[in-house]
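Structure at a glance
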Amino acid sequence: MPGRHFRITASLGLALILSGASAALAQTVGASASFAVSASAGVTAAGGVVVNGDVGASPTASITGFPPAVVLPPFGLHPNDAAAMAAHSANLSLYAQLSAGSCSDNPVSTMDGVAFGPGIHCFASTAVLGAGGNMILSGTGIYIFRVGSALTAAAGSTVTTLAGANPCNVYWQVTSAATIDGDSFVGNVVAQAGVTMAGGASLTGRALATGASVTLAANVTVGGCSVPVPPPCSAITLAPTTLAGATVGTLFSQTITGSGGASPYAFGVTTGGLPAGLALDTAGVLSGTPSAAGSSSFTVSATDANGCSGTRAYTIVTAAAPPPVCGTITLTPTTLPGATVGVGFNQTFTGSGGASPYVFGVTTGGLPAGLALDTAGVLSG
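Here is a short report on the structure shown in this document.

**What about the overall build of the chain?**
Regarding its fold elements, the chain presents 1 helix and 37 strands. Taken over the C-alpha trace, the chain has a radius of gyration of 40 Å; the compact-globule value for 381 residues is 21 Å, which it surpasses by more than 25%. Counting only C-alpha atoms and orienting by the principal axes, one finds that the chain spans roughly 130 × 50 × 35 Å. Looking at the chain residue by residue over its 381 residues, the buried ones come to 38%. Put simply, of all contacts in the chain between residues at least 6 apart along the chain, 51% involve residues at least 24 apart. Entry remark: accessible area of the chain is about 17,700 Å², with carbon and sulfur atoms responsible for 59%. Placing the 5 positive and 9 negative side-chain charges of the chain at their respective mean positions leaves the two points 20 Å apart.

**Focus: the state of the cysteines**
Taken as a whole and assessed by the stated rule, the structure comprises 3 disulfides. Each sulfur in the disulfide pair Cys233 and Cys308 lies 1.9 Å from the other. Between Cys233 and Cys308, the S-S torsion sits near -80°, and that sign places the bridge as left-handed. Pair noted here: Cys233 is in the loop between strand S23 (221-224) and strand S24 (237-239) and Cys308 is in the loop between strand S31 (294-303) and strand S32 (309-319), with a separation of 75 residues, a long-range link. Residue class for Cys233 comes out exposed when judged on its relative accessible area of 54%.

**A word on the sheet that holds strand S12 (residues 127-129)**
Paired through backbone hydrogen bonds, the strands of a sheet run either parallel or antiparallel to each other. Taking strand neighbours across the sheet as the criterion, the 7 strands line up as S7-S4-S22-S20-S18-S15-S12 in an open arrangement whose pairing is parallel. Here the strands that pair on one side only, and so sit at the sheet edges, are strand S7 (63-64) and S12.

**Description of the sheet that holds S32**
Taking strand neighbours across the sheet as the criterion, the 4 strands line up as S25-S32-S31-S28 in an open arrangement whose pairing is mixed. Looking along the sheet, the strands with just one partner apiece sit at the ends: strand S25 (246-247) and strand S28 (266-272). Where S25 and S32 come together, 2 bridges link them in parallel fashion. Paired with Ala246 across the strands is Thr318, a residue of S32.

**What to know about helix H1 (residues 82-97)**
Between the first and last C-alpha of H1 there are 22 Å, a value that for 16 residues agrees with the 22 Å anticipated at 1.5 Å per step. Where H1 is concerned, the buried positions are Ala84, Ala87, His88, Ala90, Asn91, Leu94 and Tyr95. For H1, the buried positions fall inside an angular range of 165° around the axis, keeping them on one side. On its buried face, H1 is in contact with strand S3 (35-39), strand S6 (54-57), strand S9 (77-79), strand S17 (170-174), strand S19 (185-191) and strand S21 (202-209). Measuring from the side-chain oxygen of the N-cap residue of H1 to the backbone nitrogen of Ala83 gives 3.2 Å; that N-cap residue is Asp81.

**Notes on the packing of aromatic side chains**
For the coordinates displayed, the defined rule picks out 7 aromatic pairs. With 6.2 Å between their ring centres and 40° between their planes, Phe298 and Tyr314 make a pair best called tilted. Taken as a pair, Phe298 in strand S31 and Tyr314 in strand S32 lie far apart in primary sequence, 16 residues in all. On the accessibility criterion, Tyr314 (2% relative accessible area) is buried. Connected via pairs of aromatic rings, a cluster forms that spans Phe116, Phe123, Phe145, Trp172 and Phe185.

Here is what the cut-offs are and how they apply
Residues numbered from 1 in each chain as written. Predicted model: local features only at pLDDT ≥ 70, side-chain atom pairs only at ≥ 80, totals over all residues. Heavy atoms only, no water. Helix = DSSP H or I, 4+ residues; strand = E, 2+ residues; numbered from the N terminus. Rg over C-alpha atoms; globule rule 2.2 N^0.38 Å. Buried < 20%, exposed > 50% of the residue type's maximum accessible area, 1.4 Å probe, protein only. Contact = heavy atoms within 4.5 Å. Areas by Shrake-Rupley, 256 points an atom, 1.4 Å probe, with all protein chains shown as cover. Lys, Arg positive; Asp, Glu negative; His and termini not counted. Charge placed at Lys NZ, Arg CZ, Asp CG, Glu CD. Disulfide = S-S within 2.5 Å. Pairing = 2+ DSSP bridges. Expected span 1.5 Å × (residues − 1). Arc of directions from axis to C-beta. Polar contact = N/O pair within 3.5 Å; in protein donor to acceptor, adjacent residues only side chain to side chain. Phe/Tyr/Trp six-rings, centres within 6.5 Å; stacked < 30°, edge-to-face > 60°.

Next comes the structure, spelled out in structure tokens:
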């Protein structure tokens, strides 16, 4: 029912808040994609904290408590570096983006026992998940919670995701501060007045403070939605610069190598075609026995361990096979015994100095009547 919003009370006492049409929004975390924690006024962490994503602070560069707090690889700390600056700008942009679109509903401040569907849920003031309370997110789509004041998830509270609800597609726009003390909270929390996570709290998502700090108490876990940023690609060079010619019927082998990137490299032909009979394996070995003369042009790519690639164009000229070079062939015996009319005659010729087998035949003159020479060199009759 597009345009209508309604409340259903289930037999378990849960209220299901739905929107007839899902939010059509263009929210994006942008340059914060690799971050799990980002604050404008510094980040403080205690022992036992585990962050699965980058941790950044900008414009205030203060990041304290790491170690003993841990950032899981491949992520790291970014004290007011280029990545942290970009993330701060992205957080401000995300906060503004979350203001777009009409509210699907206007829930009361207490979220205990409420099941939300995808949509834009607007709290006039505070949003509170009470101690030991549970809220449910059910359905595939984007969830946006606009909180007019503070967000609080009290001790022992949980968020349950059902029917395809993805924690990374949940957004909290918090006008004031966010305090998370729950056993399980989800989403990208974008708070103007800072984010505080109490001891043992867990957030599957991101803690992003646009105008204040992020504080992580002992044994907090946060992250799970961050995407590592691949390192920038270096120029990859292939060698040799040219390839030797080939000959029909003669084995050809050449190894192509890569440099400038992160080994190992995987090689392949991207354009053109190799000479007939040759093949290039992924290790860069170009080999085989050419079967046809001609010129073949092709491009080889080398892709390194970071997915970066370089290319080089090659041409191989394949020559026709040269005619064989004949050595001196000697026949034995040098003379033949006499023959007698009516008496059987048998003599075998042999060859040496060439490449066996030999084929024999009479080229000039004529054999005695009654005798014949076969191709194996036997003169008989």
